[in-house]
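Residue-level structure breakdown
This is what each chain is made of:
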Amino acid sequence: MAEESGAVPVPGAGQGVAVAFGKTLKTLRTRAGLEREELGRRLGYSSSTIASFEQGRRIPSPRTVEQADEVLTADGLLSVWKEQLEKAQYPAGFQGLVELEKTAIELLHYDKFLISGLLQTEEYMRALFAMRRPPLDPDIVERRVAARLDRQKDVFGRRPEPLSSFVLDEVVLRQPYGGRQVLRGQYEHLLLVGHQPHTDIQIMPIDREENAGMGGPFTIATRKDGKRFLYFEATHQMTLVTEPEQATVAAVRYGVIRSQALTPRESLEFIEKLLGEL
């Protein structure tokens with residue numbers, strides 16, 4: 001059963017969309033004379049998950065929406081919701097970056113506190129969510145993990161793949177979130193991704209006397225037309241800057257950060273060394 005792999009979170013901003021889609025799904029299912037259990041069997045979900053979709057508590061993946069449209073002979077009445085549902089997965093302030101990631105020709109990431117979401121293993125994600133206080137409901141954790149994995153597929157699974165550059169502070173790699181086994185898996189994943197031709201991973205050692213990234217983590221996304229966008233977070237506030245000057249300044253700062261960090265080859269050797277020490 002696919003079960004939770006297509007279920008993603010419903011932030012407040014997307015609740016209305018999720019509820020409206022759920023009502024449509026229920027109406028079409030009833031019209032087709034199918035019980036939730038039968039629809040779930042055909043889609044690869046339990047009846048309880050179908051109920052969650054219909055009640056607007058979970059958002060199905062685009063593929064599941066298409067399958068439901070076909071099974072219920074909806075003639076596009078469900079598929080038309082795909083774009084809105086996809087946006088509803090994420091907080092409003094983050095939706096813009098997610099959309100940019102799907103078509104960007106270049107993505108630049110500087111991470112000072114955590115490994116970038118695009119590089120995280122599923123186990124590392126779960127370890128991070130488990131540390132949240134107050135604790136997150138288990139269903140919410142499952143949905144957020146699914147959403148993050150979908151983001152990774154949208155970036156690394158498309159062709160042509162964007163040029164991606166990640167600079168991580170060394171301290172990020174040394175934090176044993178989730179324990180040794182989780183960290184081992186994360187190192188191995190970084191090595192795998194870092195050897196891909198379109199992706200560079202660089203490490204900023206803690207012994208560097210200069211670091212232009214002291215202002216905190218940020219992301220720069222470049223569209224096909226050359227326009228750059230700057231994204232950053234501060235005290236849980238998500239900001240996507242469309243002003244060209246600020247994005248250009250951030251790109252210059254990112255270039256300095258890269259020059260101060262280990263080269264991509266040195267960085268992979270560094271990660272291999274950390275892996276050997278576990």
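Above this text you will find the structure in question.
What comes next concerns the included structure. (Residues numbered from 1 in each chain as written. Predicted model: local features only at pLDDT ≥ 70, side-chain atom pairs only at ≥ 80, totals over all residues. Heavy atoms only, no water.)

Spatially, E3-E2-E1-E4-E5-E6 is the arrangement adopted by the six strands of the open sheet, whose pairing is mixed. Pairing within the sheet leaves two strands with one partner each, and these edge strands are strand E3 (199-204) and strand E6 (237-241). Recorded for the sheet is a direction-independent mean angle of 10° between the axes of neighbouring strands. Looking at chain direction, strand E1 (residues 106-111) and strand E2 (residues 163-169) are connected through six bridges and run parallel. (Pairing = 2+ DSSP bridges. Helix = DSSP H or I, 4+ residues; strand = E, 2+ residues; numbered from the N terminus. Axes fitted to C-alpha atoms, helices over the stretch in contact; angles between N-to-C directions.)

Here we take up unusual backbone geometry. It is generally the case that most residues other than glycine have a negative phi and that most peptide bonds are trans. At the junction of Arg133 and Pro134, the peptide bond is cis and its omega measures out at 0° in the coordinates. Its location among the elements puts Pro134 in the loop between helix H7 (122-130) and helix H8 (138-156). That bond from Arg159 to Pro160 is cis: its omega, 0°, falls within 30 degrees of zero. Position of Pro160 among the secondary structure elements: in the loop between H8 and E2. At Thr73, a position not held by glycine, the phi torsion is positive, near 50°. Here Thr73 is to be found in the loop between helix H4 (62-71) and helix H5 (82-88). Despite not being glycine, Asp75 shows a phi value in the positive range, around 55°. If you trace the backbone, Asp75 turns up in the loop between H4 and H5. The exposed category is assigned to Asp75, whose relative accessible area is 72%. (Buried < 20%, exposed > 50% of the residue type's maximum accessible area, 1.4 Å probe, protein only.)

Throughout the structure, instances matching the rule amount to 15 salt bridges. For Arg29, the salt bridge goes to Glu54, with nearest N and O atoms at 2.5 Å. Of the two residues, Arg29 sits in helix H1 (residues 15-31) while Glu54 sits in helix H3 (residues 47-54), which places them 25 residues apart along the sequence. The buried category is assigned to Glu54, whose relative accessible area is 6%. Put simply, Glu277 and Lys273 hold a salt bridge, and the shortest N to O gap is 2.7 Å. With Glu277 and Lys273 both in helix H12 (residues 264-277) and four residues apart, the pair spans about one turn of that helix. Overall, Glu277 belongs to the partly exposed group, its relative accessible area being 48%. (Salt bridge = Lys/Arg side-chain N within 4 Å of Asp/Glu carboxyl O.)

The volume enclosed by the largest pocket comes to roughly 1,400 Å³. Lining the largest pocket are 41 residues, with Leu114, Arg148, Tyr231, Glu233 and Met238 positioned closest to its centre. Going through the elements one at a time, helix H6 (92-103), E1, H7, H8, strand E4 (218-222) and strand E5 (228-234) are the ones with two or more residues in the lining of the largest pocket. The leading source of residues in the lining of the largest pocket is H8, at six residues. Of the residues contributing to the lining of the largest pocket, the split by class is 23 nonpolar, eight polar and ten charged. (1 Å grid on protein atoms, 1.4 Å probe; cavity = no way out; pocket = protein on both sides within 12 Å on 5 of 7 lines; lining within 4 Å. Points joined across faces, edges and corners; volume = space filled by probe spheres on them. Nonpolar A, V, L, I, M, F, W, Y, C, P; charged D, E, K, R; others polar.)

What follows concerns the nonpolar core. Counting residues in hydrophobic clusters, the biggest one holds 30 residues, and the most contacted among them are Leu119, Leu173, Leu190, Ile201, Ile203 and Ile271. Counting residues per element, the ones that place at least two in this core are H7, H8, E2, helix H9 (170-174), helix H10 (180-194), E3 and H12. Element by element, the count of residues in this core is highest for H10, at six residues. Among all residues touching Leu173, those that are not within four sequence positions of it are Ile115, Leu168, Leu183, Tyr187, Leu190, Ile203, Ile271 and Leu274. (Core = buried A, V, L, I, M, F, W, Y, C linked by side-chain atoms within 4.5 Å. Contact = heavy atoms within 4.5 Å.)

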